[in-house]
Amino acid sequence: MRRKTRTPPSPLPQRRGVDPVRVRLPPGGAWATVGEHLVERLSGAGPGTVEGMLDAGLVVGADGRPVAADTPYVPGMYVWFHRELPDEVPVPFPLEVVYRDERIVVVDKPHFLATTPRGSHVAETALARLRCELGLPALTAAHRLDRLTAGLVLFTVRPGDRGPYQSLFSDRQVRKEYEAVAPYVPGLALPRTVRSRIVKERGIPAARETPGEPNAVTLVELVEHRERDGLGRYRLTPATGQTHQLRVHMSALGVPLLGDPLYPVVTGPVPAGDFRRPLQLLARRLEFTDPVTGAEHRFVSGRVLRAWSSPAKWAAG
């Protein structure tokens, strides 16, 4: 039986809570040097960028020493470097820690803050912030909320504990309940369970429903409604976790969520720094049996959806 090669620890520290990039040199290929491979592999970085990093000693090996551009290529070798952090507009809302023990941290995430580094959102993410604020460099996310969605997110403190908590989500052992504000349609029969097949294609902002075996299931309930502004407050309980599932299902019912820039119509990206009229979707409850201790956990978000609590202020931005 072939023994799995152990990945060496990073020789570089985090920067602003962001891990360095790790690259493992693949087997095969016609590269004579590490520099040749990295220039080809990281071609999207721009002309001269990788060469400059190598010349400046910013690419290091497992021993922490700089790797020269002419270092002979060795399949399986690891190198690390820090990516250039993008300029990010700070998200001016706090992260609220609602629970913390030696294994997990549960936070109440604000709208507009990404859960983990992705694309142009790197240091301005819940993960990077928490690593710095709590002094927990090994912190990882057990699941993810969309950047535009607010509410409860579970993180694990130690790498060895991540697997059991991630499995709770993949095995559907977590009860998640969301709150949403959307138009009220008197003729829409609720509660109902929506089942459909949702496909999210890489590079396309919006997901779509397509014929086929359902892979997305959501219970939609109307909690209350108001005649004066035609709005409803809904409880959404997903049994699955497809990308944008709740937003797609509500739009398909004819009651798209307030503040949604993708459904039913893609309106284009919101300019950086525009924190007005957030998507009216909140991960309100998170319940599960702790896979390590057996304790029953029940967490409730303390946030409010402004389109319901202060509709005039929300509409005015």
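What you see is a predicted model, and the numbers here were worked out from it, not measured in a lab.

A. Quick peek at the environment of Glu36. Counting through the fold element by element, Glu36 comes out in helix α1 (residues 34-41). For Glu36, a relative accessible area of 40% corresponds to the partly exposed category. Each C-alpha atom of the pair Glu36 and Asp70 lies 8.2 Å from the other, and the pair is 34 residues apart in sequence. When sequence neighbours within four positions are dropped, the list of residues in contact with Glu36 reads Ala30 and Trp31. At a separation of 3.0 Å, a polar atom in the side chain of Glu36 contacts the main-chain amide nitrogen of Ala32.

B. The confidence of the model for the chain, seen in detail. Of the residues in the chain, 98% reach a pLDDT of 70 or more, and the chain-wide mean stands at 92. Across the chain, element-level confidence peaks in strand β4 (residues 104-109) with a mean pLDDT of 98 and bottoms out in helix α7 (residues 311-316) with 80.

C. Structural detail: the pattern of salt bridges. A complete count under the given rule lists 16 salt bridges for this structure. The residue Glu224 makes a salt bridge to Arg233 at a minimum N-O spacing of 2.7 Å. With a closest N to O distance of 2.9 Å, Asp274 and Arg276 form a salt bridge. For Asp274, a relative accessible area of 18% corresponds to the buried category. If you follow the salt bridges from partner to partner, you end up with Glu179, Glu224, Arg233 and Arg284 in one network.

D. Examining the pairing of strand β11 (residues 231-238) more closely. With 7 of 8 residues buried, β11 is to be regarded as a mostly interior element. By the bridge criterion, 6 bridges tie strand β7 (residues 175-183) to β11 in an arrangement that is antiparallel. Residue pairing across strands places Ala180 opposite Tyr234, the latter belonging to β11. Bridging between strand β10 (residues 216-226) and β11 involves 8 bridges; their strand directions are antiparallel. Residue Leu222 lies in a different strand from β11, and its bridge partner there is Tyr234. What sits between β10 and β11 in their antiparallel hairpin is a turn of 4 residues, with Gly230 showing a positive phi close to 70 degrees.

E. Region of the structure containing the side chain of Lys176. Turning to its location among the elements, Lys176 is positioned in strand β7. Although buried, Lys176 forms no salt bridge, and the nearest oppositely charged side chain, Asp146, lies 10 Å from it. Dropping the residues within four chain positions of it, Lys176 is found in contact with Phe169, Leu236, Thr237, Pro238, Arg285 and Leu286.

F. Geometry of the environment of Phe169. By secondary structure assignment, the location of Phe169 is in helix α4 (residues 159-170). You can call Phe169 buried: its relative accessible area is 16%. Note: C-alpha distance between Phe169 and Thr240 (71 residues apart in sequence) is 9.2 Å. Non-local contacts of Phe169, meaning those with residues more than four positions away in its chain, are made with Ala142, His143, Leu154, Val174, Lys176 and Leu286.

G. Expanded view of helix α5 (residues 245-252). Taking burial as the measure, the 8 residues of α5 include 7 buried ones, the bulk of the element. All of the buried residues in α5 are Gln245, Leu246, Arg247, Val248, His249, Met250 and Ser251. Buried residues along α5 sit against β7, β8 (192-199), β9 (208-210), β10, β11 and β12 (281-289). Residue Gly254 follows α5 closely and has a positive phi angle near 90 degrees.

The rules behind the values
Residues numbered from 1 in each chain as written. Predicted model: local features only at pLDDT ≥ 70, side-chain atom pairs only at ≥ 80, totals over all residues. Heavy atoms only, no water. Helix = DSSP H or I, 4+ residues; strand = E, 2+ residues; numbered from the N terminus. Buried < 20%, exposed > 50% of the residue type's maximum accessible area, 1.4 Å probe, protein only. Contact = heavy atoms within 4.5 Å. Polar contact = N/O pair within 3.5 Å; in protein donor to acceptor, adjacent residues only side chain to side chain. pLDDT = per-residue confidence, 0-100. Salt bridge = Lys/Arg side-chain N within 4 Å of Asp/Glu carboxyl O. Pairing = 2+ DSSP bridges. Lys, Arg positive; Asp, Glu negative; His and termini not counted.

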